[in-house]
Amino acid sequence: MHTSTPAEIHTATHAARTTELAAEAAAWHLAHATAPAAPDLRDRLGEALISAGIRLMQPAHVHARIAQTPHSA
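Residues numbered from 1 in each chain as written. Predicted model: local features only at pLDDT ≥ 70, side-chain atom pairs only at ≥ 80, totals over all residues. Heavy atoms only, no water.

## Things to note about the pattern of salt bridges
On inspection of all chains with the given rule, the structure shows 1 salt bridge. Here E20 ties to R17 by a salt bridge, and the two come within 3.1 Å at their closest N and O atoms. Here R17 and E20 lie together in helix α1 (residues 6-34), a separation of 3 residues that amounts to about one turn. For E20, a relative accessible area of 33% puts it in the partly exposed group. Taking the relative accessible area as the measure of exposure, R17 reaches 41% and is therefore partly exposed. (Salt bridge = Lys/Arg side-chain N within 4 Å of Asp/Glu carboxyl O. Helix = DSSP H or I, 4+ residues; strand = E, 2+ residues; numbered from the N terminus. Buried < 20%, exposed > 50% of the residue type's maximum accessible area, 1.4 Å probe, protein only.)

## Regarding a nonpolar patch on the surface
Together, I50, I54 and M57 line one region of the surface with nonpolar side chains, adding up to about 350 Å² of accessible area. Relative to the helices and strands, M57 resides in helix α2 (residues 39-57). Under the relative-accessibility criterion, M57 is labelled exposed at 69%. (Patch = residues over 30% accessible without salt bridge, like charges linked within 9 Å, V, L, I, M, F, W, Y side chains within 5 Å. Areas by Shrake-Rupley, 256 points an atom, 1.4 Å probe, with all protein chains shown as cover.)

Right, here's the structure in full:
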């Protein structure tokens, strides 16, 4: 069984945070570039970012449970 070292954990955490910051920056630039023309788009983009952030903060077993739950049509 592989046990992660503190350096590996730090590297993975840093990479995840860097990716998150890059996505936020891209979304911010997109929202501000289109803000005068499309406030609804900016709002939807903000809601999507919040939703993605909430999903990223949830433990993996929550995602697995949601994926296994049958959806009614």
